[in-house]
Amino acid sequence: MAQCVQSVQELIPDSFVPCVAALCSDEAERLTRLNHLSFAELLKPFSRLTSEVHMRDPNNQLHIIKNLKIAVSNIITQPPQHGAIRKLLNDVVSGCQPAEGLVANVITAGDYDLNISATTPWFESYRETFLQSMPASDHEFLNHYLACMLVASSGEAEPMEQFSKLSQEQHRIQHNNDYSYPKWFIPNTLKYYVLLHDMSAGDEQRAESIYEEMKQKYGTQGCYLLKINSRTSNRASDEQIPDPWSQYLQKNSVQNQESYEDGPCTITSNKNYDSNLLSLDGLDNEVKVDGLPNNFRTHPLQLDQPIESSNNVDGPDHVKSASSLHETKKANSGIIHGACLTLTDHDRIRQFIQEFTFRGLLPHIEKTIRQLNDQLISRKGLSRSLFSATKKWFSGSKVPEKSINELKNTSGLLYPPEAPELQIRKMADLCFLVQHYDLAYSCYHTAKKDFLNDQAMLYAAGALEMAAVSAFLQPGAPRPYPAHYMDTAIQTYRDVCKNMVLAERCVLLSAEILKSQSKYSEAAALLIRLTSEDSDLRSALLLEQAAHCFINMKSPMVRKYAFHMILAGHRFSKAGQKKHALRCYCQAMQVYKGKGWSLAEDHINFTIGRQSYTLRQLDNAVSAFRHILINESKQSAAQQGAFLREYLYVYKNVSQLSPDGPFPQLPLPYINSSATRVFFGHDRRPADGEKQAATHVSLDQEYDSESSQQWRELEEQVVAVVNKGVIPSSFHPTQYCLNSYSDNSRFPLAVVEEPITVEVAFRNPLKVPLLLTDLSLLWKFQPKDINGKDNEEVRELVTGEPEMIGTEVISEFLINNEESKVARLKLFPHHIGELHILGVVYNLGTIQGSLTMDGIGALPGCHTGKYSLSMSVRGRQDLEIQGPRLNNTKEEKTSITYGPDRRLDPIITEEMPLLEVFFIHFPTELLCGEIRKAYVEFANVSKCPLTGLKVVSKRPEFFTFGGNTAVLTPLSPSASENCSAYKTVVTDSTSVCTALTSSASSVDFGIGIGSQPEVIPVPLPDTVLLPGASVQLPMWLRGPDEEGVHEINFLFYYESVKKQPKIRHRILRHTAVICTSRSLNVKATVCRSNSLEDEEGKGDNMLVFVDVENTNTSEAGVKEFHIVQVSSSSKHWKLQKSVNLSENKDAKLASREKGKFCFKVIRCNEREGATQSSEKYTFADIIFGNEQIISSASPCADFFYRSLSSELKKPQTQLSMHTEKHSVEDAVSLIQKCNKVDLNIVILWKAYVVEDSKQLILEGQHHVILHTIGKEAFSYPQKQEQPEMEPLKFFRPENTTATSRPSLEQLSNLIKTSLHYPETFNHPFHQKSLCLVPVTLLLSNCSKADVDVIVDLRHKTTSPEALEIHGSFTWLGQTQYKLQLKGQEILSLQLKACFVHTGVYNLGTPRVFAKLSDQVTVFETSQQNSMPALIIINNV
Amino acid sequence: MLKTKSGSFYFVILGHHDNPAFEVEFLPAGKAEPKDDYHHLNQFIAHAALDLVDENLWLSNNIYLKIVDKFNEWFVSAFVTVSHLRFIMLYDIRQEDGIKNFFTDVYDLYIKFAVNPFYEPNSPLQSSAFDRKVRFLGKKHLLS
């Protein structure tokens, strides 16, 4: 139980006080009425005695009574009606609310910290009112009238007459059988005559004289002259007098005041009372005839029991009038009581009560107790023995108290009013009223035994109850509080007598007593036990008190507290006590909050929301409903739908209250702020007829960190080229789409007149669909003038000015149950400035009809049509994006700080050119090496001219815009329908085998040294693209050499003609996807020709072998390949002619066929080479058809150079390492050089393809780059096998730099040797036994340096087997030569071989040693002749 | 009205902060879901019983606490594990043995799940396997 203002020792005596009736004449009533008070009310504040009172008990012991209080009330002849009491109690409870800003106690129990108000004043008011409104009962006398005050006024014509009339009236009420109510304590009630005198009006002399008369008639002790109203009402304003009535009257009986106001409703209600009462009582004639003031019946003014006034009558009329009274009361509640009374009058009244109690009431009580005592003593022996004897005869043993439960239907036993059994109870009650608890206890105890013996259960319960209370109140506490008495009493009242009111009184008293003894758990059990269905208010209050008991325990039971608070709240709400219900739920919520009891929490929140709503606490209602909706819910779909509708309804009410206020924040649907994406620019037009737009960037693309890194690198490359190789420090990669991965630390730049698209990620956590309507972005804009300066007054615009920023509105946006969905919202900036996108604004609603469907919610069919909005509220949600966690400095690492995220704060800048790129005839499938011509259209769709257009790609070998020679090809796509991609010249077939030469420089094709080959300027006609202009340019594509799918990224770079400070350049991205399939494999080797001199007599020539294999696997498509031309391209070499004169001039290759070509290569004219720059390449074409493809022109040369440059990129780094100044390495490189060639072979082919029964001719080219003599080179990149993991070494490797000797193979190529001799030699051995054969040894220096050569002819057989195969012979003449050969010099030595037999001999025995002559370190090695030089010697 | 032999059960595992870590309801086969949505009442009763569980804990040597509380037609039994996790069972027809066995088996089951290093103590048990097994145990011990 909560803490109370009164202690239990004060509470109980105050609840049981001597009752005194008051019967007033009309005139007397009028006098008091001047003060807006009835007589009983007038006395009320002074009814407690200020001094101690003494009286003598029956044993003549002096007994002291402290703080005695008496209750004076007007006589009412009807017992209070049950329903009316209920209503009164309801009003009392609802009228008493916790004070605003009441400091709550903080109770800590376990994990819980609770704010709980320790006091419950509404409960105390309820209890006080409840105890006061207890109807008088027959089985107890505590609230029976002990005395009656008869009040008349001095102003009456016949005061003495009036007194006797009043006296008769009292007697009639008490003794006439018509009145069963009120109850009187004893037959001869004390009558006390009071003469009221109005000081301001009446004649004091007359009053005194009447008083004298009274004294003579009724004795000095039985009458009193009370002077009041000494103050004239006009003086009332200037003197402030305390109003002691307010605290008694305002609370619960104000409504009675108003019945005296002359309002029309009071009149009618009074009439109602009259008529009703008359008809009920049947006393109408009586009332009218005797003309007596019938205030005891019709007077609605009751102070103590104000409810009775409205209770005289049942029925709707009465209820109505009472309620209307209630209304009027509120209108004028500022009534001042006691306006005509001075402080002296107050003292007089106090004095009167004192006098009455001392002289009148107490002696009367004392006398009565004495009489009763005497009666009892005289009767005791007889009756007790008689009763117990009869009992014993029948039952044989004493009836134990515990077995009361078994006794049924005995509560009906009634004693007559003057029954002797009741006399002891009367005495006990009298003793109790005068606080003589010892005596009271023993009397109650005795009475209890008697009643139990008689099986008079109601009486017994009453005696038990009061016995327990008086035992508790006994001073010095001689015996413990008999709680079981109370339990028995409660049980009897409730179960046997079915009297809940008495049971409740019993519980209230007992619980209070137990509380005072800190027996909280017993008190709680008691309180909970009395909760029942018949009274929600009582149950609610008791449950709340029980909850307080739980929390006040030594170890507080928090969870029990919370549960009982919930139960109490539930009952309060059933009883219509909304505020109390809300308070209970809120208090309990503290315990359940955040623990995961979702259903319980939802229930509480829902109730709080409902109650708050009905109490017009809309904000609380909204937040409570919000909780239900946003938390993880276990509710069913239907339930959630109901919650949602309720929430929307409440919200709507809130927003209607303040229609002009800012939009409320809506909790639904969820927004995943960090998933918000922002896109700058127009939507992509995917395709326009044949035109295929550049893919660029769009919101449909998934973020890919790898590709974004690639794009970034590409942009850096092009920016570096534009800025002469240096990336400016202010450079930041252009970002068109901002997401959680992009760098959002800077304000993004948006261009005016280009839309900004914001993609918001919504999620619907509910099981019902949500419908958002009129969804748009909310923004704030700070415009700037054209000069970029801020406006003088910084205007901040918000959403709704379409001339500055256009806002797109999505009219309907449906999110299904538990669905995640993105909305794309657009803004159209029309002015430069700073834009801040704040959030989204929309109407939140749900779909009608779908709510009734369980689970699935909206069916797919519902999506198409217009949704019927059941209810919607307009509100907003902010987009707040947290930046990335910072982790750079130590401070940032140790704390948690986040960087800014400026995704949503774009700066609108001035106009920029905007490029659109379209591809025409752009293929998606190519053969490897295939050349295809396509067209690119560049269009400037902005209002600014565009310049500096460049394209950058990681795969520059894939495409070309043609070199300077490109002008010859048709410029429009339509003209080139069936035209070859190449530039061709018709040749006559006679000049077949010889090569046609031309030359070109790589500079012409834009491939310079040092510049980035990836960055290719687009050859715009005037380098400027004017606004609205578009240009189409041819573009050749070459299928990548590797088969498979290739994604090729193009980045177009362009600038504005006018330099912009904020945006230097813009970019456009395109990703082309090309699928390539296998076509030809080309393998080529070059080797030295053995023939020393060609036809033209020049020294150097080589042979090139080209193997071509058709590796195409597709069965249907490609029929065959024709090699149409083989071209060479080199700075030093050129193809001379085809060597293998095959008949198949077309060089067809069917599927999986392989062909071989052999070409002779000669050096170019040295003169040519010397005069022209070293970058000049000589092209030589060998044609197999009748058309020459000019290989030195576009696009053939373009792709050749591209492939060359991409090839060159790789070994560059290695070369630079080799050219260190080191004599040995010099020599090595020199030796290596003579193995080098720089010959590049271009194979041009045509493929005949059947596609849809149409023959197509595809063209293509393959490149083979030959670096080294004798080494195979391939057109396609060789798959390099991954080197196996080297074993891990645990020691330091030895220095391996020792040998940088040239390899044997390299050295063997230093000198080229050849033997010239007749193949067969006939010699007549019979004539001459020795055969001499002349042999010429040709030595040719391949290097450009001087070489020392040693030729050793001394015969040294390598092995015995060789001897057997080849016969032995000897060289004659000089057997060793030391020679020096100058660079590229050819020397011939004449040798003689001598044979003695016929046979086959190998002449290849001379050993040739070579070394570079200027080198100190000598590498000497034998020249190995790979081929045996066989000679046949015949005998003739 | 025909009285069914087995009643309804509501079982909850409570974490150290009085938070429900796992909840399940067992209804007899014939009985349909109660029409009125009184599920929140189960939670209230189970939660309120914790005070009495705490009290009974000091009075008993067993970890199975038998009936600790009663509310209207509901009995509340409890089982407190060594780590002071509380198992609470609400039921409307007395069935001491079944409940005791159920508690013991669920405890075994819980230990197996709790050793999972990815399970954070006191957090809700969302494993569907656990749920399935508990339901099986419920059928076995309570509804049979």
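What you see is a predicted model; the values in this text were computed from it and never measured.

S.K.: Looking at this structure, I do not really get the overall build of chain A. What am I missing?
M.R.: The helix and strand tally for chain A stands at 35 helices and 58 strands. A sequence separation of at least 24 residues applies to 79% of the contacts in chain A between residues at least 6 apart.

S.K.: Could you clarify how one ought to interpret the pattern of salt bridges in this entry?
M.R.: Once their charged atoms are close, side chains differing in charge can pair, the charge on each being opposite to the other. All names here are of chain A. Scanning all chains against the criterion turns up 48 salt bridges over all chains. Its salt-bridge partner being Arg571, residue Asp536 comes within 3.3 Å of it at the nearest N-O pair. With Asp536 in helix H22 (residues 536–552) and Arg571 in helix H23 (residues 558–574), this pair connects stretches of sequence that are 35 residues apart. Among the ionic contacts, a cluster of salt bridges with common partners joins Glu140, Arg425, Asp429, Glu465 and Arg505.

S.K.: How do you make sense of the environment of Asp429 of chain A when you look at a structure like this?
M.R.: Residues and elements named next belong to chain A. Position of Asp429 relative to the elements: it lies in helix H16 (residues 420–433). The class for Asp429 is buried, based on a relative accessible area of 0%. A sequence separation of 14 residues divides Asp429 from Cys443, and the C-alpha atoms of the two residues are 8.7 Å apart.

S.K.: Mind showing me how you'd approach the environment of Ser154 of chain A here?
M.R.: Residue and element names in this part refer to chain A. With respect to the helices, strands and loops of the structure, Ser154 is situated in the loop between strand E7 (145–153) and helix H6 (159–175). With a relative accessible area of 6%, Ser154 lands in the buried category. Taking C-alpha positions, Ser154 is 6.2 Å from Leu195, a pair spaced 41 residues apart along the chain. Beyond its immediate stretch of four places on either side in the chain, Ser154 contacts Leu195, Leu196, His197, Asp198, Arg206, Ala207 and Ile210.

S.K.: How do you make sense of the side chain of Asn1049 of chain A when you look at a structure like this?
M.R.: All names here are of chain A. Tracing the backbone shows Asn1049 in strand E35 (residues 1044–1056). A distance of 2.7 Å separates polar atoms of two side chains, one belonging to Asn1049 and the other to Gln710. Once residues lying within four places of it in the same chain are set aside, the contact partners of Asn1049 are Gln710, Trp711, Leu714, Val952, Ser953, Lys954, His1070 and Thr1071.

S.K.: What should I look at first to understand helix H19 (residues 483–496) of chain A in this one?
M.R.: A turn of α-helix holds 3.6 residues, and therefore any two residues three or four places apart point the same way. Residues and elements named next belong to chain A. Taking 1.5 Å of rise per residue, the 14 residues of H19 would be expected to cover 20 Å, and the 19 Å separating its terminal C-alpha atoms lies within 8% of that figure. Those residues of H19 not exposed but buried are Tyr485, Met486, Thr488, Ala489, Ile490, Thr492, Tyr493 and Val496. The inward-facing, buried residues of H19 contact helix H17 (437–454), helix H18 (457–473), helix H20 (500–516) and helix H21 (520–529).

S.K.: When you look at the interface of chain A and chain B in this model, what are you seeing that I'm missing?
M.R.: Accessible area lost upon the coming together of the parts serves often as the stated size of an interface. Listed as interface residues are 23 residues of chain A and, on the opposing side, 25 residues of chain B. In this assembly, chain A packs against chain B so that about 2,000 Å² is buried in total across both faces, 60% of it on carbon and sulfur atoms. Ranking the residues of chain A by area buried against chain B places Arg559, Phe563 and Trp597 of chain A at the top, with a combined share of 40%. The shortest N-O distance in the salt bridge between Asp69 of chain B and Lys560 of chain A comes to 2.5 Å.

S.K.: How do you make sense of unusual backbone geometry when you look at a structure like this?
M.R.: Most peptide bonds adopt trans geometry, and most residues besides glycine take a negative phi value. All names here are of chain A. Positioned with a positive phi, Asn67 is a non-glycine residue whose angle comes to about 50 degrees. Note that Asn67 resides in the loop between strand E3 (62–65) and strand E4 (71–74). The phi angle at Gln435 is positive, at roughly 65 degrees, despite the residue not being glycine. Note on placement: Gln435 falls in the loop between H16 and H17. Residue classification places Gln435 among the buried residues on the basis of a relative accessible area of 17%.

S.K.: What is the right way to look at the pairing of strand E37 (residues 1080–1088) of chain A in this model?
M.R.: The two faces of a sheet get side chains in turn, since along a regular strand they alternate between them. Residues and elements named next belong to chain A. Judged by how many residues are buried, E37 sits mostly within the fold: seven of nine residues are covered. As defined by bridge partners, E37 adjoins strand E47 (residues 1273–1274) across two bridges and the pair is classed as antiparallel. Bridging across to E47, Lys1083 finds its partner in Phe1274.

S.K.: Explain the packing of H20 of chain A against H21 of chain A here, please?
M.R.: For any two helices packed against each other, the geometry comes down to the angle between their axes and how far apart the axes lie. Residues and elements named next belong to chain A. One way to put it is that H20 packs onto H21 with a least axis distance of 8 Å and a crossing angle of 165 degrees. One element, H20, and the other, H21, form an angle in the roughly antiparallel class. Of the two possible hands of crossing, H20 and H21 adopt the one that is left-handed. Only Tyr520, Glu522, Ala523, Leu526 and Leu527 of H21 make contact with H20, whose side of the interface consists of Val507, Ser510, Ala511, Leu514 and Lys515. Of the residues in the contact of H20 with H21, the class split is seven nonpolar, one polar and two charged.

S.K.: Hey, could you run me through the packing of helix H5 (residues 121–132) of chain A against H22 of chain A in this one?
M.R.: Residues and elements named next belong to chain A. With their axes 11 Å apart at the nearest point, H5 and H22 run at an angle of 130 degrees to one another. In this view, H5 runs oblique relative to H22, as classed from their interaxial angle. Here H5 and H22 pass one another in a crossing that is left-handed. Contact residues: H5 offers Trp122, Phe123 and Tyr126, while H22 offers Leu537, Arg538, Leu541, Leu542, Glu544 and Gln545. Among the residues making up the contact of H5 with H22, the classes are represented as six nonpolar, one polar and two charged.

S.K.: It is not clear to me how the sheet that holds strand E55 (residues 1399–1402) of chain A should be interpreted in this structure. Could you clarify?
M.R.: Sheets are built from strands that pair by backbone hydrogen bonding, the pairs being arranged parallel or antiparallel. All names here are of chain A. Pairing is mixed in the open sheet, where three strands are placed in the order E49-E58-E55. Edge positions in the sheet fall to strand E49 (1320–1323) and E55, since each has one partner strand and no second. When the angles between neighbouring strand axes are averaged without regard to direction, this sheet yields 25 degrees.

S.K.: Can you walk me through the packing of aromatic side chains in this structure?
M.R.: The description of an aromatic ring pair rests on the distance of the ring centres and on the angle between the ring planes. Under the definition given, this model contains 48 aromatic pairs over all chains. Centroid distance Phe959 of chain A to Phe1050 of chain A: 4.9 Å. Interplanar angle 65 degrees. Geometry classified as edge-to-face. You can see Phe959 of chain A sitting in strand E29 (residues 959–960) and its partner Phe1050 of chain A sitting in strand E35, a full 91 residues away along the chain. Judged by relative accessible area, which is 0%, Phe959 of chain A ranks as buried. Here Phe87 of chain B and Tyr107 of chain B contribute two aromatic rings whose centre-to-centre distance is 6.2 Å and whose plane-to-plane angle is 80 degrees, an arrangement assigned as edge-to-face. Here Phe87 of chain B, found in strand E5 (residues 86–91), pairs with Tyr107 of chain B, found in helix H2 (residues 96–114); they are 20 residues apart in sequence, far enough to count as distant. The buried category is assigned to Phe87 of chain B, whose relative accessible area is 0%. Looking at Tyr107 of chain B, the relative accessible area reads 16%, which means it is buried. Members of the aromatic cluster, joined through ring pairs, are Phe11, Phe26, Tyr64, Phe79, Phe87, Phe102, Phe103 and Tyr107 of chain B. Lys821 of chain A extends its terminal NZ or CZ atom over the ring of Phe813 of chain A, reaching a point 4.9 Å from the ring centre.

S.K.: What am I meant to see in the nonpolar core here?
M.R.: As a rule of thumb, nonpolar side chains are buried together in soluble globular proteins. Ile12, Phe39, Phe352 and Phe432 of chain A together with Ile88 of chain B are the most contacted members of the largest nonpolar core, which totals 176 residues. Sort the elements by how many residues they give to this core and H18 of chain A lands first, with 14 residues. If sequence neighbours within four positions are ignored, Phe352 of chain A has contacts with Phe39, Leu43, Met149, Tyr192, Val194, Tyr224 and Leu226 of chain A. Grouped together as the second largest cluster of nonpolar side chains are 54 residues, Phe643, Val840, Tyr842 and Ile881 of chain A included.

S.K.: I keep staring at the pairing of strand E51 (residues 1347–1352) of chain A and nothing clicks. Help me out?
M.R.: Residue and element names in this part refer to chain A. Most of E51 sits inside the fold, with six of its six residues counted as buried. Taking every second residue as pointing to the same face, both faces of E51 are buried, with Val1347, Val1349 and Val1351 on one and Asp1348, Ile1350 and Asp1352 on the other. As defined by bridge partners, E51 adjoins strand E53 (residues 1376–1381) across six bridges and the pair is classed as antiparallel. From the neighbouring strand, Val1347 faces E53, where its bridge partner is Leu1381. When E51 meets strand E56 (residues 1407–1412), the two strands line up antiparallel, connected through six bridges. Within the sheet, the bridge partner assigned to Ile1350 lies in E56 and is Phe1409.

S.K.: What's the story with the confidence of the model for chain A in this structure? I'm lost.
M.R.: Interpreting fine coordinate detail is not advised for predicted regions of low pLDDT. All names here are of chain A. Averaged over all residues, the pLDDT of chain A equals 74, while 74% of them reach at least 70. Residue range residues 850–867 is modelled with pLDDT below 50. Its contacts to residues more than four positions away, or to other chains, number 28 contacts. Note that residues 965–978 has pLDDT below 50 and, in this model, 24 contacts with residues that lie over four places away or in other chains.

Reading the values: rules and limits
Residues numbered from 1 in each chain as written. Chains lettered and ligands numbered in written order. Predicted model: local features only at pLDDT ≥ 70, side-chain atom pairs only at ≥ 80, totals over all residues. Heavy atoms only, no water. Helix = DSSP H or I, 4+ residues; strand = E, 2+ residues; numbered from the N terminus. Contact = heavy atoms within 4.5 Å. Salt bridge = Lys/Arg side-chain N within 4 Å of Asp/Glu carboxyl O. Buried < 20%, exposed > 50% of the residue type's maximum accessible area, 1.4 Å probe, protein only. Polar contact = N/O pair within 3.5 Å; in protein donor to acceptor, adjacent residues only side chain to side chain. Expected span 1.5 Å × (residues − 1). Buried area = accessible area lost by both parts, 1.4 Å probe. Pairing = 2+ DSSP bridges. Axes fitted to C-alpha atoms, helices over the stretch in contact; angles between N-to-C directions. Parallel < 35°, antiparallel > 145°, perpendicular 65-115°, else oblique. Left-handed = near helix turned anticlockwise from the far one by under 90°. Nonpolar A, V, L, I, M, F, W, Y, C, P; charged D, E, K, R; others polar. Phe/Tyr/Trp six-rings, centres within 6.5 Å; stacked < 30°, edge-to-face > 60°. Lys NZ or Arg CZ within 6 Å of the ring centre and 35° of its normal. Core = buried A, V, L, I, M, F, W, Y, C linked by side-chain atoms within 4.5 Å. pLDDT = per-residue confidence, 0-100.

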